[in-house]
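Descriptive structure summary
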Amino acid sequence: MVKFMSREDNYFEVCESLGHKSVIYGAGICAQRAFPYLKNVAYVCDRHADKIKTFNGVTVILPEELEATGETLLIVICVREEQSRKEIKAQLAGLSVNALIFDYFDNVAFDLYKEIKKTGFKKKRKLQDVRIVCEDQGWILRKFALKMKEELDKEGYRCTIGNGIDPYADINHHVSYASCEPVTADYNETFMITHIDSLNKMEFLKHQLKKAGMGICMSGQTMEKLASYGIPREKICYINPAQDGVISPKKYVLGITHKTHEDHRKNENILIDLCRSLDPDYFAFKIMGSGWNNIVDAIKKMGFQTDYYDEFHYEEYIKLIPALDYYLFWGFDEGSMGFLDALRAGVETIVTPQGYHLDVKDGITYACRTSGDFKQVLLDLQTKRKKLVKSVSGWTWKHYVEKHLEVWNYLLGNDEGIYKNQHLYEDGIFSVLRTDA
């Protein structure tokens, strides 16, 4: 006989009082999330059992195979779509099986979107095992999971990645808030918060944080916005995301398109002097014209990437000019024809203010008369780009994970040394503690 339990029939209480085996109906993501919370799971039931075979080490059987068990069972339907649950209930009603049927999405024991009694983390638990919960197989969220595991492994923690929580882990961290649906506070769950763009999502966060330990935003601005909408401020913090640190800075490509002369009228030796003051990580050269061989060899030895054409090639020239960031010319002999071509290509210029250079309205980006002028312009450009690179130099995966570890240890009651980095950054644990910031 099949009996459908009401919302008020608490699954956990029935399970404890009767001691019957449990059956999960469904083998999808909802079942994956529910599995760690359910008691004495003996079978998983699914209409596609012939393809699935096992689920978290439990045999998957067809619904009609339940009749052969000969036992009284507690069947928990773990399928989110309401119409599908109705069809499943109708199917179970037609089976010859003794079972109490619970709807995971409509039972007080799980109460996935109702008021839940507030409880906290277990205190003073040593952090050793971390589970990264990641259902996504794509690019961004999977990358977060893999990078976090990589850093945790380096630090000597035991870390696994899975679709659902690990009941034996010290911390279960969801890289997406959407996968966190805690039924109890027993499993020390935290989650990353991103893309909260509706009131429904806001209400979902409020619900999650009644059981989860901490929601971790990606920015202080989002954290404060959520707090202003009623998300408990003590239950949210922020940790800035990381960049991989493998991309080299983009170099300024500087172009010179003239030959040298015996009387040095083009002042070509300025280039060596300039390069002595510049960082080769931030500049590269494209030079076309005869007579530059020795100078090119010298700046290459300094580490500057240089493409050199010792003769004029028109087809290469018309590809070279648009590839520049700045066109250079330091001669005082009326002007450079390359200057005009650079402007036609929309390339900015660092040139002497003389000759027909002066007749082109808005043509000179930086006007330089002395080698010191040229040096200062290029150093200013270098400083500007270095500031951009430096702005995220500390946003590494190592620091990202270290800040998570501080938050997790705090939640587990391990407060020793919590203030040691308090003047180094504002996010992480300090965005928890400095609620008046």
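Our subject is the structure listed above.
Our subject in this report is the structure included herewith. (Residues numbered from 1 in each chain as written. Predicted model: local features only at pLDDT ≥ 70, side-chain atom pairs only at ≥ 80, totals over all residues. Heavy atoms only, no water.)

**Topic: the layout of surface pockets**
Looking at the largest pocket, its volume works out to about 530 Å³. In this structure, the largest pocket is lined by 21 residues; those nearest its centre are Glu 402, Glu 406, Lys 420, Asn 421 and Tyr 425. (1 Å grid on protein atoms, 1.4 Å probe; cavity = no way out; pocket = protein on both sides within 12 Å on 5 of 7 lines; lining within 4 Å. Points joined across faces, edges and corners; volume = space filled by probe spheres on them.)

**Structural notes on a nonpolar patch on the surface**
Taken together, the side chains of Phe 312, Tyr 314 and Ile 318 present a nonpolar region at the surface, about 340 Å² in accessible area. Looking at the element boundaries, Ile 318 is found in helix H10 (residues 314-320). (Patch = residues over 30% accessible without salt bridge, like charges linked within 9 Å, V, L, I, M, F, W, Y side chains within 5 Å. Areas by Shrake-Rupley, 256 points an atom, 1.4 Å probe, with all protein chains shown as cover. Salt bridge = Lys/Arg side-chain N within 4 Å of Asp/Glu carboxyl O. Helix = DSSP H or I, 4+ residues; strand = E, 2+ residues; numbered from the N terminus.)

**Thoughts on empty space enclosed by the protein**
Counted by the stated rule, this structure contains two cavities of 30 Å³ or more. Reported here for the largest cavity is a volume of approximately 50 Å³. Residue composition of the lining of the largest cavity, grouped by class: three nonpolar, four polar and four charged. Estimates place the volume of the second largest cavity at around 40 Å³. The wall of the second largest cavity is formed by Asn 240, Pro 241, Ala 242, Gly 394, Trp 395, Thr 396, His 399, Tyr 400 and Lys 403. (Nonpolar A, V, L, I, M, F, W, Y, C, P; charged D, E, K, R; others polar.)

**Some details on the sheet that holds strand S17 (residues 326-329)**
Strand order in the open sheet formed by six strands is S16-S15-S14-S17-S18-S19, and the pairing between neighbours is parallel. Strands at the two margins of the open sheet, each flanked by one partner only, are strand S16 (305-309) and strand S19 (366-367). Across four bridges, S17 lies against strand S18 (residues 348-351) in parallel orientation. Note that in S18 the partner of Phe 329 across the bridge is Val 351. Packed on one face of the sheet, helix H11 (residues 337-344) meets S17 and S18 and runs near 155° to S18. (Pairing = 2+ DSSP bridges. Contact = heavy atoms within 4.5 Å. Axes fitted to C-alpha atoms, helices over the stretch in contact; angles between N-to-C directions.)

**Comments concerning the packing of aromatic side chains**
Under the defined criterion, the tally for this structure stands at 19 aromatic pairs. When the centroid spacing of 4.5 Å and the interplanar angle of 40° are considered together, the rings of Tyr 104 and Phe 110 count as tilted. In this structure, Tyr 104 and Phe 110 share a single accessibility class: buried. Among the aromatic side chains, those forming a connected cluster through ring pairs are Tyr 11, Phe 12, Phe 102, Tyr 104, Phe 105 and Phe 110. In this arrangement the basic side chain of Arg 385 is found over the ring face of Tyr 252, its NZ or CZ atom lying 3.9 Å from the centre. (Phe/Tyr/Trp six-rings, centres within 6.5 Å; stacked < 30°, edge-to-face > 60°. Buried < 20%, exposed > 50% of the residue type's maximum accessible area, 1.4 Å probe, protein only. Lys NZ or Arg CZ within 6 Å of the ring centre and 35° of its normal.)

**Examining the nonpolar core**
As a rule of thumb, soluble globular proteins bury nonpolar side chains together. Counting 30 residues, the largest nonpolar core has Leu 127, Ile 132, Leu 152, Met 214, Tyr 400 and Trp 408 as the members making the most contacts within it. Broken down by secondary-structure element, the contributors of at least two residues to this core are strand S8 (129-133), helix H5 (140-154), strand S12 (214-217), helix H13 (397-411) and helix H14 (430-433). Per-element accounting of this core gives the leading share, seven residues, to H13. Once you skip the residues sitting within four places of it in the chain, Ile 132 turns out to touch Ala 145, Met 148, Leu 152, Cys 159, Thr 160, Ile 161, Gly 162, His 173 and Val 175. Core analysis: the second largest hydrophobic core is formed by 29 residues, Ala 31, Ala 34, Val 41 and Val 183 among them. (Core = buried A, V, L, I, M, F, W, Y, C linked by side-chain atoms within 4.5 Å.)

**So, H11**
Taken as a whole, H11 has its buried residues at Gly 338, Phe 339 and Ala 342. One side of H11 carries all its buried residues, which in axial view fall inside an arc of 105°. Those residues of H11 that are exposed and aimed more than 90 degrees away from the buried face are Met 337 and Arg 344. For H11, the N-terminal capping position is held by Ser 336, with its side-chain oxygen 3.2 Å away from the main-chain nitrogen of Gly 338. (Arc of directions from axis to C-beta. Polar contact = N/O pair within 3.5 Å; in protein donor to acceptor, adjacent residues only side chain to side chain.)

**Structural notes on helix H9 (residues 293-301)**
Within the sequence span of H9, burial applies to Ile 295, Val 296 and Ile 299. Along the axis of H9, the buried residues cluster in a sector spanning 100°; they form a single face. Residues of H9 that are exposed and angled more than 90 degrees away from the buried face: Asn 294 and Lys 301. Buried residues along H9 sit in contact with helix H8 (270-275), strand S15 (283-288) and S16. Of the residues flanking the end of H9, it is Gly 303, one or two places downstream, whose phi is positive at about 105°.

**Some thoughts on the side chain of Lys 286**
By secondary structure assignment, the location of Lys 286 is in strand S15. Side chain to side chain, Lys 286 and Asp 307 meet in a polar contact 2.9 Å long. Once you skip the residues sitting within four places of it in the chain, Lys 286 turns out to touch Val 253, Leu 254, Gly 255, Ile 256, Asp 307, Leu 320, Ala 323 and Leu 324.

**Observations regarding the sheet that holds strand S4 (residues 54-55)**
If you trace the seven strands from one edge of the open sheet to the other, you get S1-S7-S6-S2-S3-S5-S4, paired in mixed fashion. Only two strands of the sheet have a single neighbouring strand rather than two, namely strand S1 (2-4) and S4. Contacts from helix H4 (residues 82-93) reach S1, strand S2 (21-25), strand S6 (73-77) and strand S7 (99-103), with the element oriented near 160° to S6.

**A few points about the pattern of salt bridges**
Applying the stated criterion across every chain yields a total of 24 salt bridges. Here Glu 71 makes a salt bridge to Lys 21, at a shortest N to O gap of 3.4 Å. Highlighted residues: Glu 71 in the loop between strand S5 (58-61) and S6 and Lys 21 in strand S2, separated in sequence by 50 residues. Owing to a relative accessible area of 28%, Glu 71 belongs among the partly exposed residues under this scheme. Relative accessible area serves as the criterion here: at 32%, Lys 21 is assigned to the partly exposed category. Each of Arg 33, Arg 80, Glu 135 and Glu 181 takes part in salt bridges that share partners, so that together they form one network.

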